[in-house]
Amino acid sequence: MTDVSAAHATRTYIRWALALLGALLLIALSQITTLEQEQADPSLNDLEITLGGIRSIEQTFTTTRPGLVGLGVRIRPGDSGDAAISIPVHLRYADGPPIDLVSATIVVGSAEDGVVSIRFPPLIASRDPYLITGTLRLSLDIPAISPNTGPKITLRKNSGAQGGMSIDGTQQPDVDLAITTLYQIRWADRIWPISAMAAGKPGLLGQPAFYVLLAYLYMLLIVEGALALRRAQTADPGGP
Amino acid sequence: MLRVKLSTTTAPAPAITGQDRAVYHPLRWLIPLALLHGLLYLTIVPPWQHYDEPTQFEYAWLIANLSHLPSRSDSDPALRREVADSMYRFRFYDPGQIPDLMKPEGPTLGENQRVHPPLYYILAALPLRLSSGLAIEQQLYAARGLSLCLYALTIVAAWRVASVVVPDEPTMQLAVPLLLLLTPTFADLMTAVNNDVLVNFCAVALLLGCALLIRDGLRPAPLVLASLALGTALGTKRTAVILIVIYLLALLWAWLRTPMRPWVVAGAMLGVALALAMSGLELGRADDGTTLLTIRPWLKQFDVSYLRLNLDAWVRSATSTAQAGDIYERLLVVGFTSFWVRFGWGHVMIGTWAEVSMAVICALCGVGLIIQGWRGRSQLPLWQERCIWLFLIAITLGALSMVGRLHPLPTNGTSPYIPTGRYIFTMMLPMIWLIALGWQGLLPARWKPAGPFLLLGIWLGLDLISWGVALSNYYYRFTL
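Bear in mind the structure is a predicted one, so any value in this text is a computation, not a measurement. (Residues numbered from 1 in each chain as written. Chains lettered and ligands numbered in written order. Predicted model: local features only at pLDDT ≥ 70, side-chain atom pairs only at ≥ 80, totals over all residues. Heavy atoms only, no water.)

Chemist: Please clarify how a nonpolar patch on the surface should be interpreted in this entry.
Modeler: The grouping of B:L218, B:L252, B:W255, B:M260, B:V265 and B:M269 at the surface amounts to a nonpolar patch, some 590 Å² of accessible area in total. Listed by contribution, the elements that provide at least two residues to the nonpolar patch are helix 10 (243-255) and helix 11 (262-280) of chain B. (Patch = residues over 30% accessible without salt bridge, like charges linked within 9 Å, V, L, I, M, F, W, Y side chains within 5 Å. Areas by Shrake-Rupley, 256 points an atom, 1.4 Å probe, with all protein chains shown as cover. Salt bridge = Lys/Arg side-chain N within 4 Å of Asp/Glu carboxyl O. Helix = DSSP H or I, 4+ residues; strand = E, 2+ residues; numbered from the N terminus.)

Chemist: Even after reading the chapter, I still don't get the packing of aromatic side chains, so can you show me in this structure?
Modeler: Each aromatic ring pair is characterised by the separation of its centres together with the angle its planes make. Residues and elements named next belong to chain B. Under the defined criterion, the tally for this structure stands at 14 aromatic pairs over all chains. Between the aromatic rings of W48 and F57, the centroid separation amounts to 5.4 Å while the plane-to-plane angle is 75 degrees, which identifies the pairing as edge-to-face. On the basis of relative accessibility, which here comes to 0%, the residue W48 falls in the buried class. Since its relative accessible area comes to 0%, F57 is described here as buried. (Phe/Tyr/Trp six-rings, centres within 6.5 Å; stacked < 30°, edge-to-face > 60°. Buried < 20%, exposed > 50% of the residue type's maximum accessible area, 1.4 Å probe, protein only.)

Chemist: I keep staring at the sheet that holds strand 10 (residues 165-167) of chain A and nothing clicks. Help me out?
Modeler: One key point about sheets: their strands pair by backbone hydrogen bonds, in either a parallel or an antiparallel sense. All names here are of chain A. Here we have 6 strands laid out as an open sheet, ordered 6-5-8-3-10-11, and antiparallel in their pairing. Single-partner strands in this sheet number two, and they are strand 6 (100-107) and strand 11 (170-172). Mean inter-strand twist for the sheet, computed between neighbouring axes without regard to direction, equals 20 degrees. Here strand 3 (residues 56-62) pairs with strand 10 via 3 bridges, running antiparallel. Bridged to E58 within strand 10 is S166. (Pairing = 2+ DSSP bridges. Axes fitted to C-alpha atoms, helices over the stretch in contact; angles between N-to-C directions.)

Chemist: Is there a simple way to think about the state of the cysteines in this case?
Modeler: Here a disulfide denotes a covalent bond joining the sulfur atom of one cysteine to the sulfur atom of another. All names here are of chain B. One pass over the structure, following the stated rule, counts 0 disulfides over all chains. Distance from the sulfur of C365, which forms no disulfide, to the nearest cysteine sulfur (C362) is 6.6 Å. Cysteine C387 is unpaired, with the sulfur of C210 as its nearest cysteine sulfur at 8.9 Å. (Disulfide = S-S within 2.5 Å.)

Chemist: Whenever I open this one, the environment of B:D85 confuses me. Can you help?
Modeler: Here B:D85 shows up in helix 3 (residues 77-89). Each C-alpha atom, one on B:D85 and one on B:I98, is 9.0 Å from the other, the two residues being 13 residues apart in sequence.

Chemist: Is there a simple way to think about the pattern of salt bridges in this case?
Modeler: If the charged atoms of two oppositely charged side chains come close together, the side chains can form a pair. This model, assessed by the stated rule, comprises 19 salt bridges over all chains. One network of salt bridges, with partners in common, ties together B:D52, B:D196, B:K237 and B:R422.

Chemist: What exactly am I supposed to notice about the packing of helix 15 (residues 327-340) of chain B against helix 16 (residues 352-376) of chain B here?
Modeler: Residues and elements named next belong to chain B. Orientation of helix 15 relative to helix 16, taken along the N-to-C sense of each, is 95 degrees, at an axis distance of 10 Å. Here helix 16 runs roughly perpendicular to helix 15, going by the angle between their axes. Between helix 15 and helix 16, the contacting residues are F336, T337 and W340 on the first element and E355, M358, A359 and C362 on the second. Residue composition of the contact of helix 15 with helix 16, by class: 5 nonpolar, 1 polar and 1 charged. (Parallel < 35°, antiparallel > 145°, perpendicular 65-115°, else oblique. Contact = heavy atoms within 4.5 Å. Nonpolar A, V, L, I, M, F, W, Y, C, P; charged D, E, K, R; others polar.)

Right, here's the structure in full:
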């Protein structure tokens, strides 16, 4: 009798352990993210302009997927003294309210492979082409530098549909700022949009893994319910 | 599915007592399942994406934050701005539409809900007091948390109704609450900030009280339960008025525990209806010369001085054939589809195929119910038979109340308001009951054991598809 109850207890523990393991596995899987960079290779047609005498550069661009986490611009010091120059950077909705989504400062000397980057928490960008807020505006507030001196920034021949650039408020129809975008891709989003579900929500609801765990527990209980129904049917005097 | 009984007396069914604790074992998974399922809907649906949720929340918030019950004109511009801002951030508005936060009275959030009795909002104000000072979304989720608890309690009450009505059928006892639990429109509304949540819970509690009264006779506990549930429902929303008929009928059947001859019942009902109609109504003429019914002067006077229900316009509208047009067809389509397969603000639709499928299932179950009724005639105990009649009458009342809400139709050519199915979610449990019963009547004997699994499979599929539709509506389109 003792053996039977011990075996039953062991089976119960194993079931619990497996359920727990499943939960931990799913939480771990839901945390997996990869970074994908969208960057055009340097081209012979690229142009370089010096920032001296310029007050601001603005570039609008359309995000191509959710989870924008970084932006980079190709910039290099004109001479050794430019490396310490800091440039405030703002990212806003192109046509939305004038609120900074990202506010940061880039230091010219911190370039890696010629690109100075900023990183920020994921912006879950829209897939809806009718939503105006899918387009963002990157602004660089250039500090006072003498004309024709200072760091050099790379511009690229206009690719057409990706947005527009302006220097000191004047549109530059032929060129764009050569920006690099960095997206964080959550593996689980391909199955369930958990990043979007958690975006902007408070506390626990703001954690993508919470939704995975919830759905998993629900499925477990559905199975438990189906088994209970089966047991009830066996016990049912009118059952099979 | 109902077991064949040789007796047609009013002998009580085998009672489920508290001594048999195994009876309550299903609750060990049913309650967590209800909570989890509700929590999924609570969290999947973004803030403010339920019927009238911003203004329902506003009412409860005002109670929580004012020192008195708010009047219709009371408002808090700061709250309105905060809610509208949150609605904007969570993509409530159409692209490009921005609420005017600078208006002195604050942006408009929707229809003023302060026309409703305050009972539900007083309850919803409790979690809001506890979460006061937190972000507005956190306060909303706290208020939704109360609805989640009521949803879980509703499922427990539905399980208890099933164990009372079919004490010897464990499969049906589990299938009915599971079907209710898995109905997506019901789960969606029951996890919203909405006074319908309390009314729906009270309706199921009332049905439980009524089932116990019909089964056991006039006993104190079920009488108190039914009375309390009815009183609470009436104190919550006027859509609960139809529950009075159910309550009175259950009392009558609890008191008269011997079979009544059908022709006596039909005759009495007809007689009462005729007497009421003759005393209050008379023939009249519409503007276009067609004949319709109007109310008698004494009733008109009573209505003007006391009831203020605009009865004359209602009776004229309801009996005018010229004015109706295709209005009942539209009512049927809107009412049916929003009852089963449309949620959110009624704008989240699964698709025409789901609407047609549900119509086919309901029609088939109706046929199955007739077959079941024919096979089981005179074989059920009287109390069980009466419980089924009570469910049927409840659904009929629900349908009539929808017609009632439709009138009086506007006479100035404007489009009338077509009520949605949520107004009769109080009848969701009887509807589920009859579907389950009809489904079993439809299947041949050898398929019957698999019947509940098949039906639950369909409902689970509907539920999962609803998630997919909700996710696609809320998160693939509006995500920044």
